[in-house]
Amino acid sequence: MRDRKSKTRRRFGLRLLAADAWIDTTVWRLGAGFARWWDAVTDHMTRFRVRGWARVASEVAGEAATLGTAGSILMLALAVPAFRATESDWRAQGEYAVTFLDKNGAFIGRRGMFLDDTVPLDKLPPYLIQATLATEDRRFHEHFGIDVIGTFRAVVTNAKAGGVVQGGSSLTQQLAKNLFLSNERTIERKIKEAYLALWLEANLSKQDILKLYLDRAYMGGGTHGVAAAAEFYFGKKVTDLTLAECAMLAGLFKAPTKYAPHVNLPAARARANQVLTNMVAAGFVTEGQVAGARRNPASVLAGTRPAAPDWFLDWAFDEVKRLQPRGDRTITVKTTLDPAIQKAADGAIETSLRQYGQDYRVTQGATVIQSPDGAVRAMVGGRDYGESQFNRAVGALRQPGSSFKPFVYAAAFMNGYSKDSVVADAPITIGNWSPRNYGRGYAGSVTLKTALTKSINTVPVRLAQAIGRDKIIETAYRMGIRTELKITRALPLGVAEVTVLDMAGAYSGFANGGIKATPYAVEEIATHTGRTVYAHATSEQPAERVLPEEVAFELNDILHNVVVAGTGGRAKLEGQLAAGKTGTTQAYRDAWFVGYTGHYVAAVWFGNDDYTSTKNMTGGSLPAMTWQTIMTAAHQGLPFRGIPGVITEAAPVEVAAPAEESKPVESSNVLNPKALSVIDATGAMFRKRLDQPLPPDVPTSALETVPVQPVSLLSPTPVGRSRVELTAPTSSFR
């Protein structure tokens, strides 16, 4: 039994040894065979061995091929999101076509896809096609979507000039950008643009690409395509254009806003003259043929000459898309814009920068003017829309400085403080941060009214420590600030980021007595048939109260005092009450004045796009002066209107015989309507008794009329509390 088991084990061991030997032999034979094959391959490849410059070139070519393949794969991966846009019906018009009217119903501009693609390519004037190709892409019929030679030439030209003077994108690439991409200047967009240009060339004919380009390119004035532009600028069909007019339209492709003839006719004509030169250089026409067009340049319709409020229209168009009116995509929008105020705002910003920009080293400004209910009457987003379409009134995040302090005081007033509360203006340190006042001095114990009037820094910091910064942020959000506010030690001093639009909207809550007033641009939206699909008055929810009335009244009293006796003295208005707050940030990077009257609210900002410092510009200087200029123009012809909570002095109201004038008696009491009705009833009773005949036993000489003594009262009015003098004749019987 044991012998049998041992034999079995021996046989099993021998089989394992045999298997191991077979594996070793097989691996050795495979290795030897591979070695013989590799020797044969290397022996064969020695025939292709190169030396010297040939080897260097081959090595470079190999590396280039490797890196090129990897780069192509990477660029293709980046272009995948763009290719998804080609899956839908990209030829369809999906954007709104909006005609904008001002508050009076007058035309002010267009936005969206206003185009006319009904004219076939062979019906367009040959001059128009030649001018387009000569200026935008002379090798259009020769390249495959990307003009390698043209791109290289543009790179060399720009390098010699030290800047971008010539574009390298082909007409097909420009069409790809217009159809699928945005205008952002990034490498990713250029890669997508190149791939989409190849896709367009593979799927469309050259004639189709050219037709789409001429139909979809933005031509300024809210128009897209040469047919719509011909109607807008010249009042004629595109088929009837002259050589001079064709050259002017072809010049718009490069910068439609900058060269729009209704905005800058001299620049448009200069650009058209360059297009004529390009046509001669490309061989399409001779110098003799263009001589007449040079001597008699194109003119535009007189009705298109006034400049459009472009920053306002851009923002209003975004508001329309946010509202998403259903149904027709071709709509007419009645806006809140007041053209007179818009003109005054444009002129004030430009004049201020032209006169004082160099002195203060400031290059940009922005402003928003609105009614206390939120209706935006004017908007300026920068100095020159032709140079920069970025809307600084809506999109720029800038620190508000001390113009943020009213939100701190509002939060404090809702948490037990009042304008008469006394807080120490003294050094304070929080961790390693020690805020200081602008004048580096301290006033000791001051009332909150004095602290905000003089823009003292230590007091709002102490208030924030007492009530909590979260309450300040909550108050600012409730009043209309929509940007992110972070809880930091310096928050009470305006070290946060806000927009000009939000500041104007938030201050409207003070101007109207504590009601939230979100800025809006759209009053009504109607389809092309005239059917109203949106009305702000009926479609929006009623505004909510964000500040108690007494808090709004106290802040209005203080902010009026800022203009009368504080840092905002240059914002005083003749014939109207004004209230507001200055703001200056660290290193003088930003300067603000945000203020209001009974009629309008306006926020004015000055600074530089690159955040460089100005030359000691404060909110009480150029911003306050510009605010005063705008508001003076805006209030021309308007009656006096008070500010809620601000005491005003009015002429005596005579209810009987003229009385001797006397100085009003100062009073801080407020009479409600019920108290006034009692006073009126008492006065009526006295008048009735005076009208009765005297009893026969009272001699006439016994009645002596005493000079009237006016009584000063505080009377609530629809826009606030104003001082009214009630006078009545009194009699004394001796």
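Residues numbered from 1 in each chain as written. Predicted model: local features only at pLDDT ≥ 70, side-chain atom pairs only at ≥ 80, totals over all residues. Heavy atoms only, no water.

With that out of the way, let us pick up the pattern of salt bridges. The final tally for this structure, using the stated rule, is 18 salt bridges. A salt bridge links arginine 111 to aspartate 310; its shortest N-O distance comes to 2.9 Å. Here arginine 111 is found in strand β2 (residues 107–112), whereas its partner aspartate 310 is found in helix α12 (residues 310–323), with 199 residues between them in sequence. Just as arginine 111 is buried, aspartate 310 falls in that class too. A single salt-bridge network, built from bridges that share partners, covers Arg111, Asp310 and Asp314. (Salt bridge = Lys/Arg side-chain N within 4 Å of Asp/Glu carboxyl O. Helix = DSSP H or I, 4+ residues; strand = E, 2+ residues; numbered from the N terminus. Buried < 20%, exposed > 50% of the residue type's maximum accessible area, 1.4 Å probe, protein only.)

Here the chain averages 83 in pLDDT, and 81% of its residues register 70 or above. Predicted confidence is poor over residues 650–679, with pLDDT under 50, and the contacts of this stretch with residues over four places away or in other chains come to 42 contacts. Taken together, the stretch residues 684–734 has pLDDT below 50 and engages in 94 contacts with residues farther than four places along the chain or on a different chain. (pLDDT = per-residue confidence, 0-100. Contact = heavy atoms within 4.5 Å.)

Before going further, it helps to examine the nonpolar core. The biggest cluster of nonpolar side chains holds 74 residues, and the ones touching the most others in it are Phe407 and Tyr409. It is helix α18 (residues 500–511) that contributes the most residues to this core, eight residues altogether. When residues no more than four places from it in sequence are discounted, the contact partners of phenylalanine 407 are Thr475, Ala476, Met479, Ile481, Met503, Ala506, Tyr507 and Phe510. The next biggest cluster of nonpolar side chains, apart from the first, holds 57 residues, and it includes Leu171, Leu179, Leu265 and Ala298. (Core = buried A, V, L, I, M, F, W, Y, C linked by side-chain atoms within 4.5 Å.)

Let us now look at the packing of aromatic side chains. Applying the stated criterion to the full structure yields 14 aromatic pairs. Taking the centre distance of 6.4 Å and the plane angle of 75° together, the rings of tyrosine 409 and phenylalanine 413 count as edge-to-face. Taken together, the positions of tyrosine 409 and phenylalanine 413, both in helix α14 (residues 405–413) and four residues apart, correspond to about one turn of that helix. Side by side, tyrosine 409 and phenylalanine 413 carry an identical accessibility label, which is buried. Relative to tryptophan 627, the ring of phenylalanine 593 has its centre 5.1 Å away and its plane inclined at 65°; by these criteria the two rings are edge-to-face. Within this pair, whereas phenylalanine 593 is found in strand β13 (residues 590–596), its partner tryptophan 627 is found in helix α21 (residues 622–634), the two being separated by 34 residues in sequence. (Phe/Tyr/Trp six-rings, centres within 6.5 Å; stacked < 30°, edge-to-face > 60°.)

Relative orientation of the contacting elements α14 and helix α20 (residues 549–565) amounts to 140°, with a least axis distance of 10 Å. Put simply, α14 runs oblique to α20. Considering the relative orientation of α14 and α20, their crossing is right-handed. In contact with Pro406, Tyr409, Ala410 and Phe413 of α14, α20 contributes Val551, Glu554, Leu555, Ile558 and Leu559. (Axes fitted to C-alpha atoms, helices over the stretch in contact; angles between N-to-C directions. Parallel < 35°, antiparallel > 145°, perpendicular 65-115°, else oblique. Left-handed = near helix turned anticlockwise from the far one by under 90°.)

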